[in-house]
Amino acid sequence: IEMSHTAIESLEAIIVDLPTIRPHKLAMHTMQNQTLVILRIRCADGIEGIGEATTIGGLSYGNESPDSIKVNLDRHFAPLLVGQDASNLNACMQRIDRVVKGNTFARSAVETALLDAQGKRLGLPVSEILGGRVRDSLEVAWTLASGDTSKDIAEAEHMLEVRRHRIFKLKIGAGEVNRDLAHVIAIKKALGDRASVRVDVNQAWDEGVALRACRVLGDNGIDLIEQPISRNNRSGQVRLNLSSPAPIMADESIECVEDAFNLARDGAAPVFALKIAKNGGPRAVLRTASIAEAAGIGLYGGTMLEGSVGTLASAHAFITLNKLAWDTELFGPLLLTEDIVTEPPVYRDFQLHVPRLPGIGLTLDEERLARFRRP
Ligand code: MUC
Ligand code: MG
């Protein structure tokens, strides 16, 4: 067989450790920094595509860690892809499907890098490769997770003041439930109608606790309750969905496109968090969006707190959607004090603005990448 002039020559997975602006407290883990996996796919036509696979807290959030993602990209994905035609995304991703189970984070990095390469090759933004954007920017929520109520209120006031965010997600579930509820209610009271206040429990409650707590949250003006109970308690999610006065959003419940179908069929949640990492890339996440749209489920553009590459890759997918009823939380780069791209994403007037440049629209800053990459 003749080698395609757009054949994949190499994959390089790079682990990058970046400092955060403050500790970020989730139910299962407190982040003191963030670890990205950056993937570079080099092609015979001289084009390089970049992708990202990033998770939260090693193995405390999902089934893949930065270390396992790198090993799996190097040892299992690379041999499948080297020599294949980079410009045929369907053929490349189906080849992976035939051999690889799960590993949606690593898959997402590959799909993103191939989309970035194809965009650069054709001179088109990734959004246009995906069929065309219907907007240029996305509203972005901010997560208040300092662990301190008054610090969180001050942070929210500042974000409103500088017009960066007016949707706030509070991370709860680690503390005693009544203390957590008091924390949320105090923040909602302070912000009133100036902001949408939501919570993310990251699976921390059992069904009995959630039954009561969701009622309290809904009765106190909380707009959305994300993943209150375990992804494994599907029937509990269905029951909770019937009793909660505030809508429930599925996040950890979706680890693949098929999970989205099963949740929709069971009536387990009226809102889905879309994450490229948990579906296998910017094209894969749009399949989950289609399932939700067909089922009348509202959409939210989620994040795994990726850096600029993963964040803009997500944004390119989300700006192709007809409606994001619950907006997005694509603020990952703003949680980091350092970036590894030459021009960081633009946040202005509560929105992330998506560039109309070829590919994702980002260039790696080699000097900074060299500084922050693991040896
Ligand atoms: C999650 O569980 O949604 C997204 C925003 C944030 O602060 O944490 C993440 C993960
Ligand atoms: Mg979540």
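What you see is a predicted model, and the numbers here were worked out from it, not measured in a lab. (Residues numbered from 1 in each chain as written. Chains lettered and ligands numbered in written order. Predicted model: local features only at pLDDT ≥ 70, side-chain atom pairs only at ≥ 80, totals over all residues. Heavy atoms only, no water.)

Asker: How would you explain the overall build of the protein if you had to name every residue and give the values?
Answerer: Within the protein one finds 14 helices and 13 strands. Here the C-alpha radius of gyration of the protein, 20 Å, is about what a compact globule of 375 residues would show, namely 21 Å. Here the C-alpha coordinates of the protein stretch approximately 65 × 40 × 40 Å along the principal axes. Among the 375 residues that make up the protein, the fraction classed as buried is 58%. Considering only intrachain contacts with a sequence separation of at least 6, the fraction spanning at least 24 residues in the protein is 73%. Roughly 14,500 Å² of accessible area belongs to the protein as shown, and the carbon and sulfur atoms make up 50% of that amount. Counting 42 positive and 48 negative side-chain charges, the protein places the centres of these two groups 2 Å from one another. (Helix = DSSP H or I, 4+ residues; strand = E, 2+ residues; numbered from the N terminus. Rg over C-alpha atoms; globule rule 2.2 N^0.38 Å. Buried < 20%, exposed > 50% of the residue type's maximum accessible area, 1.4 Å probe, protein only. Contact = heavy atoms within 4.5 Å. Areas by Shrake-Rupley, 256 points an atom, 1.4 Å probe, with all protein chains shown as cover. Lys, Arg positive; Asp, Glu negative; His and termini not counted. Charge placed at Lys NZ, Arg CZ, Asp CG, Glu CD.)

Asker: I'd love a proper account of unusual backbone geometry, names of residues and values included.
Answerer: In the Ramachandran plot, N103 falls in the positive-phi region, its phi being about 55° despite a non-glycine side chain. Among the structural elements, N103 can be located in the loop between α2 (89-99) and α3 (104-122). The phi dihedral of F350 falls on the positive side, at around 70°, and the residue is not glycine. You can see F350 is positioned in the loop between β12 (346-348) and β13 (351-353). Judged by its relative accessible area of 6%, F350 is buried.

Asker: Describe the packing of helix α5 (residues 149-161) against helix α6 (residues 177-191), with residues and values.
Answerer: Contact geometry of α5 with α6 gives a least axis separation of 10 Å together with a crossing angle of 30°. Of the two possible hands of crossing, α5 and α6 adopt the one that is right-handed. Between α5, through T149, D152, I153, A156, E157 and L160, and α6, the contact on the second element is made entirely by H183, A186, I187, A190 and L191. By residue class, the composition of the contact of α5 with α6 is seven nonpolar, two polar and two charged. (Axes fitted to C-alpha atoms, helices over the stretch in contact; angles between N-to-C directions. Left-handed = near helix turned anticlockwise from the far one by under 90°. Nonpolar A, V, L, I, M, F, W, Y, C, P; charged D, E, K, R; others polar.)

Asker: Account for the pattern of salt bridges, naming residues and giving values.
Answerer: For the coordinates displayed, the defined rule picks out 33 salt bridges. For E155, the salt bridge is made with R22, and the minimal N-O distance between the two is 2.8 Å. Of this pair, E155 sits in helix α5 while R22 sits in strand β1 (residues 8-25), and the two are 133 residues apart along the sequence. Note on R22: relative accessible area 12%, which makes it buried. D349 is the partner of R163 in a salt bridge, and the nearest nitrogen-oxygen pair spans 3.0 Å. Note that R163 is positioned in the loop between α5 and β6 (167-171) and D349 in the loop between β12 and β13, a separation of 186 residues in sequence. By relative accessible area, D349 is classed as partly exposed at 39%. (Salt bridge = Lys/Arg side-chain N within 4 Å of Asp/Glu carboxyl O.)

Asker: So what about the coordination of the magnesium ion (ligand 2)? Which residues, and what values?
Answerer: Looking at the metal site, the magnesium ion (ligand 2) is ligated by D200 (OD), E226 (OE) and D251 (OD), spaced 2.0 to 2.2 Å from it. Within one chain, the residues donating to the magnesium ion (ligand 2) are spaced in sequence as D-x25-E-x24-D. Pair noted here: E226 is in strand β8 (residues 224-226) and D251 is in the loop between β9 (248-250) and α9 (257-266), with a separation of 25 residues, a long-range link. The exposure classification of E226 matches that of D251, with both residues buried. (Donors = N, O, S within 2.8 Å, 3.2 Å for Na, K, Ca; no water.)

Asker: Report on the site of ligand 1, specifying residues and quantitative values.
Answerer: Around ligand 1, 15 residues are found, and the nearest of them are H24, T143, K169, D200 and N202. Interatomic distance of 3.1 Å between a side-chain N/O atom of K171 and an oxygen atom of ligand 1. K275 is positioned such that a nitrogen or oxygen atom in its side chain is 3.1 Å from an oxygen atom of ligand 1. About the coverage of ligand 1: the protein hides 100% of its 280 Å² of free accessible area. Across the shell around ligand 1, the residue classes break down as four nonpolar, four polar and seven charged. Here the shell around ligand 1 gathers at least three residues from each of two domains, domain 1 (8-123 + 366-372) and domain 2 (129-353). (Near = heavy atom within 4 Å. Polar contact = N/O pair within 3.5 Å; in protein donor to acceptor, adjacent residues only side chain to side chain. Domains from an automatic or database assignment.)

Asker: Pulling in residues and values, what's your account of the side chain of T328?
Answerer: Topologically, T328 is positioned in the loop between α12 (308-318) and α13 (332-335). Looking at T328, the relative accessible area reads 1%, which means it is buried. Of the polar contacts made by the side chain of T328, one reaches the backbone oxygen of E139; its length is 2.7 Å. If sequence neighbours within four positions are ignored, T328 has contacts with L138, E139, V140, A141, Y300, G301 and F318.

Asker: Kindly report on the sheet that holds β1, identifying the contributing residues and their values.
Answerer: Spatially, the three strands line up as an open sheet ordered β1-β2-β3, and their pairing is antiparallel. The outermost strands of the open sheet, each flanked by one partner alone, are β1 and β3 (48-54). In this sheet, neighbouring strand axes are inclined to one another by 20° on average, regardless of whether the strands run parallel or antiparallel. On top of the sheet, α12 reaches β2 (30-43) and β3; it is set at about 100° to β3, its chief contact. (Pairing = 2+ DSSP bridges.)

Asker: Give me the domain arrangement of the protein: which residues, what numbers.
Answerer: Taken domain by domain, the protein comprises domain 1 (8-123 + 366-372) and domain 2 (129-353). Look at where the C-alpha atoms of domain 1 and domain 2 centre, and you get two points 23 Å apart. If you look at the interface, domain 1 gives 40 residues, while domain 2 gives 45 residues. Summed over both sides, the interface of domain 1 with domain 2 buries roughly 3,400 Å², with 64% coming from carbon and sulfur. Here domain 1 and domain 2 share three salt bridges between them. Notably, a salt bridge pairs E338 with R368, separated by 3.0 Å at the nearest N-O pair. Along the contact surface separating domain 1 from domain 2 lie 20 residue pairs in polar contact (both at pLDDT 80 or more). (Buried area = accessible area lost by both parts, 1.4 Å probe.)

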